[in-house]
Amino acid sequence: MQWNDTDLRFVVETVVTRRRDRDRIVELVRDKPDLVAPLLDDPRLSERLRDEKESLARISPRLLFTILLRRLRLDLADQGIVYEREGEYRLPVFAGSQARDLLDEPGMFDYLVDLLCSFVRIHSGTVYWKERGLWRKRKFSDMDLDDMVALCHLVAPEWRPRLYRRIGDIALFLSGVFPDHLTRLWRGVRRQLRDRRTLADYEREGRYFYRLAAQQAEPAAPVAVLERLAEQFTLAREILTTLSDRYLRPLRDQYFATPSA
């Protein structure tokens, strides 16, 4: 990954504490991601993000999620567990080595970082179309699974693969980062029929649309990653749930819009 100077300066000043020529170091590592990568595993970065809340405003979401996901990858080597949500309970699953192997597969780590970044800013709009001689309109949000499914029926076929991929991303993100919120939606008094999805429902739909996206992927899409997410959706969800519980919980409201009922 390429990093801007603000991100690089944050990393350098946190990790390279015995040098005063930090601007010089930033110059040396700029456009050299292979030199920056080992620095990102330093535990002082995640500790600083935890202890200095103002530092969150200094760095990009991409650097934040990269640091935390790399921290989790190191944790998996030591602790060997990921977490699963069952209602209000958090259950340990001894699949840490499998989770680490999945993160280490080509393209998977970067894909999950991109996925998290894609939900920092939600896009919405109104689509107009003509049906049976009448003009119709509907508001769409790219964080709403049902909206994206409906949009698949309105766009040209060449646009559908990226929507399939987005639907898979929504299912993985919501069931992984917000599993507790999905439980509250299910138990809430005011809910529409479309909100009555369980984690199992999101998993089934996520697998289906990732597989569909892989079969009809755009040339630039990571087909192998999409296929693996379809096969290992549960494990990928548990990775995000563990990341959310350990590191993202205090940051979720700041970085992500809470799913609404």
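Here is a short report on the structure shown in this document. Throughout, residues of each chain are indexed from 1 in the direction in which the sequence is written. In view of the model being predicted, local features appear only for residues whose pLDDT reaches at least 70, and side-chain atom pairs are presented and counted only at 80 or more, with totals across whole chains, interfaces and linings using the full set of residues. As a convention, hydrogens and water are excluded, and side-chain values are obtained from all of the structure's heavy atoms.

**Quick look at the packing of helix α7 (residues 108–118) against helix α9 (residues 160–177)**
Then, number 1: For every element, the axis is a line fit to its C-alpha atoms; helices are fit only across the contacting stretch, and the angle between N-to-C directions ranges from 0 to 180 degrees. Starting at the N terminus, helices and strands are each numbered in turn, a helix being any DSSP run of H or I of at least four residues and a strand any DSSP run of E of at least two. Here α7 crosses α9 at 85 degrees, and the two axes come no closer than 10 Å. By the angle between their directions, the pair α7 and α9 is classed as roughly perpendicular. Where α7 approaches α9, its residues Tyr111, Leu112, Leu115, Leu116 and Ser118 are matched on the opposing element by Arg165, Arg166, Asp169, Leu172, Phe173 and Val177.
Then, number 2: For the contact of α7 with α9, the residue count by class is seven nonpolar, one polar and three charged. For classification purposes, an angle smaller than 35 degrees is called roughly parallel, one larger than 145 roughly antiparallel, one from 65 to 115 roughly perpendicular, and anything else oblique. Should any heavy atoms of two residues lie within 4.5 Å, those residues are counted as being in contact. Note that Gly is not counted as nonpolar here; it falls among the polar residues with everything else outside the nonpolar set of Ala, Val, Leu, Ile, Met, Phe, Trp, Tyr, Cys and Pro and the charged set of Asp, Glu, Lys and Arg.

**Let's talk about the pairing of strand β1 (residues 82–86)**
Then, number 1: Using a 1.4 Å probe on the protein chains alone, a residue whose accessible area is under 20% of its type maximum counts as buried, one over 50% counts as exposed, and one in between counts as partly exposed. Of all five residues in β1, four are buried, a share of seventy percent or more.
Then, number 2: Strand pairing requires that DSSP identify at least two bridges connecting the strands. Where β1 lies against strand β2 (residues 89–93), five bridges are found, and the strand directions are antiparallel. Each residue of the ladder has a partner; that of Val82, found in β2, is Val93.

**Focus on the nonpolar core**
Side chains of nonpolar character tend, in soluble globular proteins, to be buried together.
Then, number 1: In this text, buried Ala, Val, Leu, Ile, Met, Phe, Trp, Tyr and Cys residues form a nonpolar core when linked through side-chain atoms within 4.5 Å. In this structure, Leu64, Phe65, Leu69, Leu172, Phe173, Tyr210 and Phe256 are the most contacted members of the largest nonpolar core, which totals 75 residues.
Then, number 2: It is α9 that provides the largest number of residues to this core, a total of nine residues.

**With respect to the pattern of salt bridges**
Then, number 1: Any Lys or Arg side-chain nitrogen located within 4 Å of an Asp or Glu carboxyl oxygen qualifies as a salt bridge. This model, assessed by the stated rule, comprises 26 salt bridges.
Then, number 2: Ionic pairing is found between Asp51 and Arg50, a salt bridge with its closest N-O pair at 2.9 Å. For the pair Asp51 and Arg50, a shared accessibility class is recorded, and that class is exposed.
Then, number 3: Glu203 is the salt-bridge partner of Arg237, the closest N and O atoms lying 2.9 Å from each other. Of this pair, Arg237 sits in helix α13 (residues 233–248) while Glu203 sits in helix α11 (residues 199–215); the two residues are 34 residues apart in sequence, bridging distant segments of the chain.

**Some words on α7**
Then, number 1: Counting buried residues in α7 gives eight out of 11 residues, a clear majority hidden from the surface.
Then, number 2: Among all positions in α7, only Met108, Phe109, Tyr111, Leu112, Val113, Leu115, Leu116 and Cys117 are buried.
Then, number 3: As for α7, its buried residues are in contact with α5 (61–79), α6 (96–104), α9, α11, α12 (223–231) and α13.

**Some details on the packing of aromatic side chains**
Then, number 1: Each aromatic pair joins two rings of Phe, Tyr and Trp (for Trp, the six-membered one) with centres within 6.5 Å, and gets the label stacked for planes under 30 degrees apart, edge-to-face for over 60, and tilted for any other angle. With the rule as written, the count across this model stands at seven aromatic pairs.
Then, number 2: Here Tyr208 and Phe209 contribute two aromatic rings whose centre-to-centre distance is 5.0 Å and whose plane-to-plane angle is 85 degrees, an arrangement assigned as edge-to-face.
Then, number 3: Given the relative accessible area of 47%, Tyr208 is considered partly exposed.
Then, number 4: For the ring pair Tyr210 and Phe233, a centre distance of 6.3 Å and an interplane angle of 50 degrees mean the geometry is tilted. Here Phe233 lies in helix α13 and Tyr210 lies in helix α11, a separation of 23 residues in the sequence. As far as burial versus exposure is concerned, Tyr210 and Phe233 are alike and both buried.
Then, number 5: Ring-pair connections join several aromatic residues into one group, and the members of that group are Phe65, Phe119, Phe173, Phe178 and Phe256.
Then, number 6: Between the NZ or CZ atom of Arg197 and the centre of the ring of Tyr202, over which it lies, the distance is 5.7 Å. By definition here, charges over rings are those cases where NZ of Lys or CZ of Arg is within 6 Å of the ring centre and within 35 degrees of the ring normal.

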